Each structure stands twice: as C-alpha cells, then as structure tokens.
Amino acid sequence: MSGSYAGLQAKIKEANPLAKFVPCSAHSLNLVGTNAVDCCTQAVLFFNLLQNVYTFFTASTHRWKVLNASVKGLSETRWSARDDACQSLNKNWSLIINALNLINNDDTEKTLTRNEASGILNKLNNLETAFLSIFWGQILHRFNLTSKKLQAVNIDLGVVCELYKSLITYIIDLRSDKNYEYFKQCAIEKSKIKQFQSCTKRLKIRKQFFDEGPSKETTVEYSDFKVKTYFVILDQLRSQLEKRNEKYENLLKNYNFFFKLTEMTSIKVRKNAEILQNEYKDDLSTLFANECVHFRSHLLSIGDEAPKTIQDMCGFLRKNDLIGMYPYIDVSLRMLLCTPVSNCSTERSFSCLKRVKTYLRSCISAERLSDLAIMNIESDVTAKIEFDDIINEFATLQSRRKI
C-alpha cells in the first residue's frame, strides 16, 4: 500500500496527483513499539520471557492449577495489546514465582519440566526483569489506550497529531534520572534484589595534593542498565513517534489555520486560505480566502459558543443552514474530514469474512456472504433484534402442504 515508487500509492498518484497517502495511525503506533523493542537486547529477552511464562503454564492443566492465577500471552497483531500480558505478570508476580518454585522442587515432575521451571525462575529472579515489567507495564498501558482512541470512527487528523504529541511529551518526561530511580526503587521492592546483574566494579583514584598524604583507591559500583537499556528504549520510542507524527503534520499543515481562526489576524487567515486554495484550484474558488475571513468574523461574533473542532464547524454550518453562505469552507472541511486516519475497522471486516466463509462454506453465494458478514460485524445491533416475526414469516413461506 505504502509503496511510493512502484506500489499502490504510486499507481493512485499517477491517476490523481492530488491523492494523499495517510498511514494508518493505529498501525503506525504498533510499528513504533516494535522498533523500540528490537533496538534493545534486554527488551527482546523480556518479551521472550513473558511469552515463555505463558507457554509453560498453559501447556499443562496441572501447571495451570498449581499457578491458580491468570497469565496472558503476547498479541501477534496488535503490539500495544501486550499491555494485558505485562499487567498479568505484574499482578501475579509472587504467585508465578511460588508456582515455579513448587514445580522446580517437586520430585514427581519430569526432569525436563523442572529444568524449564528453573530456567524461567532464574530469569525472573533478577532486578532487570522486575524493572522492565514495571516500566513496560506503564508504557504499554498508555500506548494501548491511545491505540484504542486512534481506532475510533469519528477521529480526524487533528486529533491524531494531538495524541501523538501527547505521547512524545510523555516519553520525554520519563527520560530523567528521577524517573529511572523511581522505577528502580519499585523494582527493588518487588523483587527484593538490590543490584543489577550487569553491575560492575572499578577502582577510582582521586588526585590529592602533596600535603594530604598518599592517594587512596576507592571501589565504585556502577551499572550500564540505565544508559544501554532505559535511555535507549525511550530515545527509540521518541524518535519513532516524531518521525511518524511528522507525516500527519505535513498532511494537516495547510488546514491548521482552521483550528486557530479566532486567534489569528484576518491577514494571516487570508494568506493561509490562499495556500490551500492554490493546492486545490479545481475544488476551491478564488473567493475561498474572502469566505474564510468572513467566517472568522462570524465565529468571533458568537464568542464562547463558537465551534472549536473541524467536526463541530461542519455541524455548525448544517445546523444553522449556512452552507449556501460558506460553500467552499464546507468543501474544504469535508475534504479534511474524509481523509482516513485508520483502517482498523476495515481490517476487522476482513477478519469477520474469514470467520464466516470457512472451508465448510466454500460454495456460499456473494449475497449471502455479505449479509452474514454484516450481521457478524454489527453483532451489537444483531443481538437486540427480535427474531420471532422473522422466523414465523420464514416458516410460512417455506411450509409444505401436508399430504
């Protein structure tokens, strides 16, 4: 889809150069997290451990019974949904360790099972794992909720840029020594371990003056976990978020003046409107700039009741029957609102089609498949329908005369 040289994007732009490619905002957020994990060895090992814990306990009903808690595996499709797996590990930390100790010390268990439990237990019993479980738990929780918001039907480019900027600011705030010490202290309280495994020792020699006597060597302990793991993950998250947010800001830059109509001067509004009109000369008249200046005055006359968002402005024009008065403003607002920012709902529709049309229903007709898919996709509405009248009508039409 995103092939700008030989892909579908290039083919569409050959037919219409004004067509804009918009990456799916929710899918882009997934790629941000994937790249942040791949850049750091400790993060890769942590998520592998998370999946190993889930696989180990779900492979046997006996082990699941010993655990007596719920653990979840990693999502293959939505990276931010790993929040559930990380939260389950944090919530059941002590239960998981106790269960692994029981299995490891049980002589009736198979040697392979005990060795596997011992390996997972050794990986859990270190400060790095406890730190990353708390750290990723908070990061993933924010990313997961933001991803769900990005999949809303009524979202627009302005909201997407706003949400991405909020995540960038959130990541910048976390990149500090105080936040690192906070996560470290929480990890120490959780694991009861006070030192990272990667902690090393070196001799520090302080230069002294001649009247202070001989110099003394002191041993200093330090860990590179903060520099090589904590800061690396946050820097990668920030760079990826800024890189992908830049694409949405470039798509939105010609429409930005709509969000600040009442704050800008009439001259600035006119200049920005002319830039947008020059880009879409066949769709917007030369009178568009003058319309925008008048619309600014209209909003100023309303005061606090003036619409703030693009959707509110569109609704304002229709509610007050002002489309005839501002026709080209209505066109430009609809152009922005019709720009798709997420295709998650479309992907779910294809997933429903795969569930409806299986190898057992390979001969299903297109009309029947479409109807069943709609009922499956809109299951919330389907569940509220009363089927008694439909069943009676179907039975009447399909009834056979008794011999």
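Calculation notes
- Residues numbered from 1 in each chain as written.
- Predicted model: local features only at pLDDT ≥ 70, side-chain atom pairs only at ≥ 80, totals over all residues.
- Heavy atoms only, no water.
- Helix = DSSP H or I, 4+ residues; strand = E, 2+ residues; numbered from the N terminus.
- Expected span 1.5 Å × (residues − 1).
- Buried < 20%, exposed > 50% of the residue type's maximum accessible area, 1.4 Å probe, protein only.
- Contact = heavy atoms within 4.5 Å.
- Axes fitted to C-alpha atoms, helices over the stretch in contact; angles between N-to-C directions.
- Parallel < 35°, antiparallel > 145°, perpendicular 65-115°, else oblique.
- Nonpolar A, V, L, I, M, F, W, Y, C, P; charged D, E, K, R; others polar.
- Salt bridge = Lys/Arg side-chain N within 4 Å of Asp/Glu carboxyl O.
- Phe/Tyr/Trp six-rings, centres within 6.5 Å; stacked < 30°, edge-to-face > 60°.
- Core = buried A, V, L, I, M, F, W, Y, C linked by side-chain atoms within 4.5 Å.
- Patch = residues over 30% accessible without salt bridge, like charges linked within 9 Å, V, L, I, M, F, W, Y side chains within 5 Å.
- Areas by Shrake-Rupley, 256 points an atom, 1.4 Å probe, with all protein chains shown as cover.
- Lys, Arg positive; Asp, Glu negative; His and termini not counted.
- Charge placed at Lys NZ, Arg CZ, Asp CG, Glu CD.
- pLDDT = per-residue confidence, 0-100.
- Left-handed = near helix turned anticlockwise from the far one by under 90°.

As recorded by an unreviewed UniProt entry, the protein carries the name HAT C-terminal dimerisation domain-containing protein and is attributed to Acyrthosiphon pisum.

(A) Spatial organisation of helix α13 (residues 288-302). With 15 residues, α13 should reach 21 Å at 1.5 Å per residue; the first-to-last C-alpha distance of 21 Å fits that figure. Three or more residues of α13 are buried, namely Phe288, Ala289, Glu291, Cys292, Val293, Phe295, Arg296, His298 and Leu299. Against α12 (266-279), α14 (310-319) and α15 (327-337) lie the buried residues of α13.

(B) Here's a closer look at the packing of α13 against α15. Close contact between α13 and α15 brings their axes to 8 Å; oriented N to C, the two are set at 90°. The orientation of α13 relative to α15 falls into the category roughly perpendicular. Residues Phe288, Glu291, Cys292 and Phe295 of α13 form the contact with α15, whose participating residues are Pro327, Tyr328, Ile329 and Ser332. In the contact of α13 with α15, the residues fall into six nonpolar, one polar and one charged.

(C) A look at the pattern of salt bridges. According to the stated counting rule, one finds nine salt bridges in the structure shown. With its nearest N and O atoms 3.4 Å apart, the salt bridge here joins Lys165 to Glu249. Of this pair, Lys165 sits in helix α9 (residues 157-174) while Glu249 sits in helix α11 (residues 225-252), and the two are 84 residues apart along the sequence. Owing to a relative accessible area of 30%, Glu249 belongs among the partly exposed residues under this scheme. Taking the shortest distance from any N to any O, the salt bridge between Arg175 and Asp235 comes out at 2.6 Å.

(D) Structural view of the packing of aromatic side chains. Counted according to the given criterion, the structure contains 20 aromatic pairs. When the ring of Phe135 is compared with that of Phe183, the centres are 5.6 Å apart and the planes differ by 80°; the resulting orientation is edge-to-face. Taken together, the residues span a long stretch of sequence, with Phe135 in helix α8 (residues 127-150) and Phe183 in helix α10 (residues 177-191) at a distance of 48 residues. Of the two residues, Phe135 and Phe183, both sit in the buried class. Aromatic side chains Phe196 and Phe225 sit 4.7 Å apart centroid to centroid with 20° between the ring planes, which places their arrangement in the stacked category. Of the two residues, Phe196 is situated in the loop between α10 and β1 (200-205) and Phe225 in helix α11; the sequence distance between them amounts to 29 residues.

(E) Looking closely at the nonpolar core. Counting 97 residues, the largest nonpolar core has Phe57, Phe135, Trp136, Phe257 and Phe258 as the members making the most contacts within it. Here the element with the most residues in this core is α8; it accounts for eleven residues. Setting aside chain neighbours within four positions, we find Phe257 in contact with Met264, Val269, Asn272, Ala273, Leu276, Phe288 and Cys292.

(F) Representation of a nonpolar patch on the surface. Side chains of Met375, Val381, Ile385, Phe387, Ile390 and Ile391 sit close together on the surface and give an oily, nonpolar patch of about 530 Å² of accessible area. Tracing the backbone shows Met375 in helix α17 (residues 366-377). Classification of Met375 as partly exposed rests on a relative accessible area of 42%.

(G) Just unusual backbone geometry, in detail. At Lys192, a residue that is not glycine, the phi angle is positive and equals roughly 65°. Relative to the helices and strands, Lys192 is located in the loop between α10 and β1. With phi around 55°, Asp321 is a residue other than glycine that occupies positive phi space. Checked against the element boundaries, Asp321 lands in the loop between α14 and α15.

(H) Up close: a negative patch on the surface. A contiguous patch of negative charge on the surface is contributed by Glu386, Asp388, Asp389 and Glu393. With respect to the helices, strands and loops of the structure, Asp389 is situated in helix α19 (residues 388-398).

(I) Quick look at the confidence of the model for the protein. Per-residue confidence for the protein averages 84 on the pLDDT scale, and 89% of its residues sit at or above 70. Summarising per-element confidence for the protein, the mean pLDDT is lowest in strand β2 (residues 217-222) (50) and highest in α9 (93).

(J) Main features of the side chain of Thr113. Here Thr113 shows up in helix α7 (residues 111-124). Of the residues examined, Thr113 reaches a relative accessible area of 7% and is grouped as buried. Every residue in contact with Thr113, bar those within four places of it in the chain, is listed here: Phe56, Arg63 and Ile103.

(K) Summary view of the packing of helix α3 (residues 41-58) against helix α6 (residues 93-105). Interhelical geometry of α3 versus α6 gives an angle of 55° and a closest axis separation of 12 Å. When the axes of α3 and α6 are compared, the pair comes out oblique. Considering only the axes of α3 and α6, their crossing is left-handed. Contacts from Val53, Phe56 and Phe57 in α3 reach Ile96, Ala99, Leu100 and Ile103 in α6. Taken together, the residues of the contact of α3 with α6 break down into seven nonpolar, no polar and no charged.

(L) Quick peek at the environment of Leu18. Mapped onto the secondary structure, Leu18 falls in the loop between α1 (8-15) and α2 (25-38). Sequence separation of Leu18 and Tyr280 is 262 residues, and the distance between their C-alpha atoms is 7.9 Å. Dropping the residues within four chain positions of it, Leu18 is found in contact with Glu279 and Tyr280.

(M) Examining the side chain of Ser25 more closely. Mapped onto the elements, Ser25 comes out in helix α2. Note on Ser25: relative accessible area 0%, which makes it buried. Aside from chain neighbours lying at most four places away, what touches Ser25 is Leu150, Val160, Tyr164, Tyr248, Val341 and Ser342.

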